[in-house]
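# Notes for the structure review
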Amino acid sequence: MEVLNEVKFTMPSLSVNEGTARAFVSSFIVQADPTVEELSDIRTAVSEAVTNAIVHGYRGTEGKIELTVRLLSGREIYIRIKDSGCGIPDVKQAMEPLYTTSPEEERSGLGFSVMESFMDKLTVRSRVGRGTVVTMRKRLSVHGR
Amino acid sequence: MDIDIRSENGAAIAHLRGEIDHHTAKDLRSQLDKFIINMQPELLAIDFADITFMDSSGIGLIMGRCKLMKECGGILEVRNPQPYIRRVMKLSGIERIVKVI
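All residue numbers refer to positions counted from 1 along the written sequence of the respective chain. Chains carry letters and ligands carry numbers; both start at the beginning, A for chains and 1 for ligands, and go up in the order they are written. Owing to the predicted nature of the model, reporting of local features is limited to residues with pLDDT of at least 70; listing and counting of side-chain atom pairs is limited to 80 or more, with chain, interface and lining totals taken over all residues. In computing side-chain properties, one takes all heavy atoms of the structure into account and sets aside hydrogens as well as water.

### Considering the layout of surface pockets
Residues and elements named next belong to chain A. Detection works on a 1 Å grid of protein atoms alone, calling trapped sets that fit a 1.4 Å probe cavities and calling open sets with protein on both sides within 12 Å along at least five of seven lines pockets, with lining residues defined by an atom within 4 Å of a point. Grid points are joined across faces, edges and corners, and a volume is the space filled by probe spheres set on the points. A volume near 450 Å³ is recorded for the largest pocket. Forming the boundary of the largest pocket are 29 residues, of which Asn52, His56, Ile88, Ala94 and Phe112 lie nearest the centre. Only DSSP runs of H or I covering at least 4 residues are called helices, and only runs of E covering at least 2 are called strands; the numbering of each starts at the N terminus. A per-element tally of the lining of the largest pocket places helix α2 (residues 36-57) first, with five residues. Here the lining of the largest pocket is composed, by residue class, of 12 nonpolar, 13 polar and four charged. The classification used treats Ala, Val, Leu, Ile, Met, Phe, Trp, Tyr, Cys and Pro as nonpolar, Asp, Glu, Lys and Arg as charged, and all other residues, Gly among them, as polar.

### Details of the environment of B:Ile5
Residues and elements named next belong to chain B. Of note, Ile5 is situated in strand β1 (residues 2-8). By relative accessible area, Ile5 is classed as partly exposed at 25%. Each C-alpha atom of the pair Ile5 and Leu44 lies 9.4 Å from the other, and the pair is 39 residues apart in sequence. Contacts were defined at the residue level, with two residues in contact if any of their heavy atoms lie within 4.5 Å. Sequence-distant contacts of Ile5, defined by excluding residues within four places in its chain, comprise Ala12, Ile13, Ala14, Gln31, Leu32 and Phe35. Using a 1.4 Å probe on the protein chains alone, a residue whose accessible area is under 20% of its type maximum counts as buried, one over 50% counts as exposed, and one in between counts as partly exposed.

### Considering the confidence of the model for chain B
Of the residues in chain B, 100% reach a pLDDT of 70 or more, and the chain-wide mean stands at 95. Interface predicted TM-score (ipTM) for the complex: 0.92; the corresponding pTM is 0.93. Confidence of the prediction at every residue is given by pLDDT, a number between 0 and 100.

### Structural notes on the interface of chain A and chain B
Each partner contributes to the interface: chain A provides 25 residues, whereas chain B provides 22 residues. The contact between chain A and chain B buries some 1,900 Å² in all, and 49% of this surface belongs to carbon and sulfur atoms. Buried area counts how much accessible surface, traced with a 1.4 Å probe, disappears from two parts once they are put together, with both parts' losses summed. For chain A, the biggest contributors to the area lost against chain B are A:Arg22, A:Glu106 and A:Phe118; these three give 27% of the whole. Basic side-chain nitrogens of Lys or Arg form a salt bridge, by our definition, when they fall within 4 Å of a carboxyl oxygen of Asp or Glu. Joining chain A to chain B, the criterion identifies four salt bridges.

### With respect to the pattern of salt bridges
Summed over all chains, the structure comprises 14 salt bridges over all chains. In this structure, A:Arg22 engages B:Glu19 in a salt bridge whose closest nitrogen and oxygen atoms are separated by 2.6 Å. Taken together, the residues A:Arg22 in helix α1 (residues 17-29) and B:Glu19 in strand β2 (residues 11-20) connect one chain to another. One connected set of salt bridges, linked through shared partners, spans A:Arg22, A:Arg43, B:Glu19 and B:Asp21.

### Things to note about the side chain of A:Glu48
Checked against the element boundaries, A:Glu48 lands in helix α2. Under this definition, polar contacts are N or O atom pairs within 3.5 Å; protein pairs additionally need one hydrogen-donor-capable and one acceptor-capable atom, and for neighbouring residues in sequence, both atoms have to be side-chain atoms. Among the polar contacts made by the side chain of A:Glu48, one reaches the main-chain amide nitrogen of B:Ser56 at a distance of 2.6 Å. Here A:Glu48 is in contact with A:Arg107, A:Gly111, A:Val114, A:Met115, B:Asp55 and B:Ser56, once residues within four sequence places are set aside.

### Regarding the nonpolar core
Residues belong to a common nonpolar core when they are buried Ala, Val, Leu, Ile, Met, Phe, Trp, Tyr or Cys residues joined through side-chain atoms within 4.5 Å. In terms of nonpolar packing, the biggest core is built from 34 residues, with B:Ile20, B:Leu44, B:Phe48, B:Met54, B:Ile62, B:Leu76 and B:Met89 touching the most fellow members. Among the secondary structure elements, those contributing two or more residues to this core are α4 (111-118) of chain A together with β2, α1 (22-39), β3 (43-54), α2 (56-71), β4 (75-79) and α3 (83-92) of chain B. The contacts of B:Met89, once residues within four sequence positions are left out, are B:Phe48, B:Met54, B:Ile59, B:Ile62, B:Val78, B:Pro81, B:Ile94, B:Glu95 and B:Val100. With 33 residues, the next largest nonpolar core counts A:Ala21, A:Ile65, A:Ile79 and A:Met136 among its residues.

### Things to note about α2(A)
All names here are of chain A. Between its terminal C-alpha atoms α2 stretches 30 Å, which fits the 32 Å expected from 22 residues at 1.5 Å a residue. Of all 22 residues in α2, 19 are buried; the element is thus mostly enclosed. Phi for Arg59, located one or two positions after α2, is positive at around 45 degrees. In this analysis, the expected span of each helix is defined as 1.5 Å times one less than the number of residues it contains.

If you want it as structure tokens, here you go:
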């Protein structure tokens, strides 16, 4: 799959950057002319992944979150969100709907479910003590062409 | 993020404006809880008409307020979510717990 364009962005794990990450991804993918619904889906999935890195990866400590967005041939969007936080001991369990380790923060445990539902493909790789990499792909529709 | 709460005859409407994520939910949660505890409304309707973005943090926010309203003897309602925000609500199954109009 050919990479037509790519941007990378690194930000501190501050909760205010959840909105920054959404704005950054939106401004990049607008060039591919997504529908309003596709843009909403991608913004939501990015928000969930970045929030997970902040809330679960770094758990109140400050670290870096790396965001990579690519526009691939075939109107496919590739998004990679990497943190160097505490990692996930059991990825399969973490991906179960409603599973959360932060009920006191009113985390609903739906983050991965939203990412899976709103994107075409989701991959989560994690190592305890090293961090987590979330990769998502979504193919945009060919509309009005 | 902006919130405006109006109360009349035991019923209250909280009109929210802006984006709901983990960052903005903290302040919303605190303002709504303060109102619920102080005013003890019989009904609290949260109006989502001017919410332009919501991720699953919004689901946690609704579930938490629903629980607090029940503890205070009241009912929570969600009103006017945009179609896109309703999709997040449908995925969570929250409509089984809270009335969404």
